[in-house]
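Each chain, written out:
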Amino acid sequence: MCGIIGYCGKKHLTDVLLTGLKRLEYRGYDSAGICLGNSNSLTIYKKEGKIRDLTAIVPREATGSWGMGHTRWATHGGVTDVNAHPHTDCSGKIAICHNGIIENYSRLKEKLGSEGHSFHTETDSEVIAHLIESMYSGDLEKAVKDSVPLLQGTFGLLVMHADHPCEIIGARNGSPLVLGIGENEMFLASDVSAMMSHTKQVVYCEDGEVVKLSALDYQVSDLRNRPIDKEVSRISWELEELEKGKFSHFMIKEIFEQVQSIPRAMNGRVDENQATARLGGLNMTERELLGIKRVVIIAAGTSFYAGQTAAWLLESLARIPAVTELASELRYRNPLVEEGTLYFAVSQSGETLDTLMAVRELQSKGARVLGICNVVGSTIARESDGGVYIHSGPEIAVASTKAFTSQLTALYLFILKMARMRHMAWLQGQTFIEGLLSVPRCLESILARAGELQALAKKYHQAESFLFLGRGINYPVALEGALKLKEIAYIHAEGCSAAEIKHGPIALINQNTPSMFLVPEDHLRSKLISNMKEIKARGGPVIALCMEGDRETAEIADDVFYVPKISEEFSPFVMVVPLQLFAYYCALELERNVDQPRNLAKSVTVE
Ligand code: G6P
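Undergrad: Give a description of the nonpolar core that names residues and reports values.
TA: By size, the foremost hydrophobic cluster in this structure holds 130 residues, and its most contacted members are Phe 414 and Phe 582. If you tally residues by element for this core, the top one is helix α19 (residues 571–589), at 13 residues. Excluding its chain neighbours within four sequence positions, the residues that come into contact with Phe 582 are Leu 453, Leu 456, Ala 457, Tyr 460, Phe 466, Leu 485, Met 516 and Ile 543.

Undergrad: Account for the pairing of strand β6 (residues 94–99), with residues named and values stated.
TA: β6 sits mainly inside the fold: six of its six residues count as buried. Residues of β6 alternate between two faces, with Ile 94, Ile 96 and His 98 on one and Ala 95, Cys 97 and Asn 99 on the opposite face, all of them buried. With two bridges joining them, strand β5 (residues 87–88) and β6 adopt antiparallel strand pairing. Across the sheet, Thr 88 pairs through a bridge with Ala 95, a residue of β6.

Undergrad: An account of the pairing of strand β24 (residues 515–519) is requested, with residue identities and associated values reported.
TA: When you tally the buried positions in β24, you get five out of five residues, the bulk of the element. Both faces of β24 are covered, namely the face carrying Ser 515, Phe 517 and Val 519 and the face carrying Met 516 and Leu 518. Here strand β22 (residues 465–470) pairs with β24 via three bridges, running parallel. Across the sheet, Leu 469 pairs through a bridge with Phe 517, a residue of β24. What joins β24 to strand β25 (residues 542–547) is helix α17 (residues 525–537), and the crossover it makes is right-handed.

Undergrad: Help me get a handle on the environment of Trp 237, residues and values and all.
TA: Examined against the element boundaries, Trp 237 turns out to sit in the loop between β14 (233–234) and α6 (250–256). Trp 237 sits 202 residues away from Val 439 along the chain, and the two C-alpha atoms are 24 Å apart. In this structure, Trp 237 is in contact with Val 192, Met 196, Lys 200, Asn 374, Val 375, Gly 393 and Pro 394, ignoring residues within four places of it in sequence.

Undergrad: Describe the site of the ligand, naming the residues involved and giving the relevant values.
TA: Near the ligand there are 14 residues, and of these Ser 303, Ser 347, Gln 348, Ser 349 and Thr 352 occur at the shortest range. Ser 349 has a polar side-chain atom sitting 2.6 Å from an oxygen atom of the ligand. In this structure, Ala 601 approaches the ligand through a main-chain N or O atom, which is 3.2 Å from an oxygen atom. Ranked by residues supplied to the shell around the ligand, first place goes to helix α9 (residues 301–318) with three residues. Per-class residue counts for the shell around the ligand are four nonpolar, eight polar and two charged.

Undergrad: Which residues make up unusual backbone geometry, and what values go with them?
TA: In the segment running from His 85 into Pro 86, the intervening peptide bond is cis, with an omega of 0°. Looking at the secondary structure, you find Pro 86 in the loop between β4 (66–72) and β5. One non-glycine residue, Ala 275, adopts positive backbone phi at about 55°. With respect to the element layout, Ala 275 can be found in the loop between β15 (270–271) and β16 (276–277). The class for Ala 275 is buried, based on a relative accessible area of 0%.

Criteria and thresholds
- Residues numbered from 1 in each chain as written.
- Predicted model: local features only at pLDDT ≥ 70, side-chain atom pairs only at ≥ 80, totals over all residues.
- Heavy atoms only, no water.
- Core = buried A, V, L, I, M, F, W, Y, C linked by side-chain atoms within 4.5 Å.
- Buried < 20%, exposed > 50% of the residue type's maximum accessible area, 1.4 Å probe, protein only.
- Helix = DSSP H or I, 4+ residues; strand = E, 2+ residues; numbered from the N terminus.
- Contact = heavy atoms within 4.5 Å.
- Pairing = 2+ DSSP bridges.
- Right-handed = clockwise from strand over helix to strand, strands pointing away.
- Near = heavy atom within 4 Å.
- Polar contact = N/O pair within 3.5 Å; in protein donor to acceptor, adjacent residues only side chain to side chain.
- Nonpolar A, V, L, I, M, F, W, Y, C, P; charged D, E, K, R; others polar.

Okay, structure coming up:
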């Protein structure tokens, strides 16, 4: 949700800001703007549309000695040039870029309005500039520190003042802010990708911290002016990982990368001798792990479906009751935290606000919350009590793909450990490990037949609506398949348990509403076959993902895609990848913006 970048240094300012914004574009891409500081003046360019639209209106010679930029995902106020950030105060001397939502903006706007401030935009963010103006008396940092306590809501904030050359003030509450330390240059941005081509030395800011930035120095302090000594970390991602390479979209690149990203999530974590998993990051002793009586997984979006899949397996293999809850619901539900319950927060970005707030709510009640995150140093990763990094490498496409299978991998390792500590024998543990290790090979063979899914997409992309139907461990995978198609192809799709169609969804069936069935070889296969026949009897087209050699399914379905044979617990991996590819190719057929679908953003740092 919105990306911000600030820069103090000697490089060509507009280049640094525009390329930085391009890297942040996945966070929001409906409008963008930059503010260039030159001795005692600020120049602002802003434009509705993508970063390329902004780039087109910024004169090549425009530059400055310090500056900042913003890429927007609109919350308050339509998508217009005027509502794009940066926003200024009445004098035009103070400019701000804001990621987040100011919840009490109407009250502040009214008050500041009555004091003579005039507003030009429909945004919540503009009040920040005027509030700082009202507090300012020569010291910009102090004005920001005096303003911040009056803001309710979330913010990652950058502030510039024309009379404070080469100075940027940053503040954070709930929305990410990372400081980058270069050689005679400094950065402040929503995430590391914006600065990675310049520096790998970073400092992660926390809520309540304020940063004063110049080209040569930075100071971090709290709102009571106490200096804070920050640890400097090193980014482990490589720059090439932020490029598409030979692929036409990040999404397809990331789908293909799963063959490598799944082993990365397993790397060093499989103990073949003991037939168990080694997960040192959990920060829990074996004795503590043995005391776990219940597991609750909290997440949003695709991560939620990874959690649901894992919860099913945790209960069935490790015999530990497990549920998955939407973080957005849990955080407002006054959840009951009990001794013996372990919580997992699953989040690719580690910044999803609902998930973060749920973590905090749970921790405040004494819960132990572990994180399953991809982005190292992200807020959820830092604030959780331990966890597992999935090491997928940067996921840039808005629709999550490789993070899903890596989240599953990390959670499967945890399940293995729990199961081996309880009922699972050594030999079964070995079989489980063999199964998990065989997944990348199975995915390779699916990816080699991506063309078959492209052909299916050609045939079905004009459907009005889709049903995605699965049972058992593949029920959440059906939900994920439907989500993918909605997200990037904008085709209405509903994921259901195939058993539930008779309670409503079957009423939707007609020739233009195909059903995608997930048919692994498990104990529910015969039930799925009956459900397929029910759909066929009502004239609905059926596509089935089934295991190699499943003739019976092939005879009923209009089209099949065979997945390699694998045991039930690993079937989600071989089912989800064809669904990702199918959604991708449907989106291509429909000429959608695959990597940046309309109205969405990758990192949802607002409620
Ligand atoms: C957004 C993204 C999804 C993602 C969800 C949760 O909606 O577009 O791809 O699954 O957020 O994100 P997280 O980073 O917490 O996994």
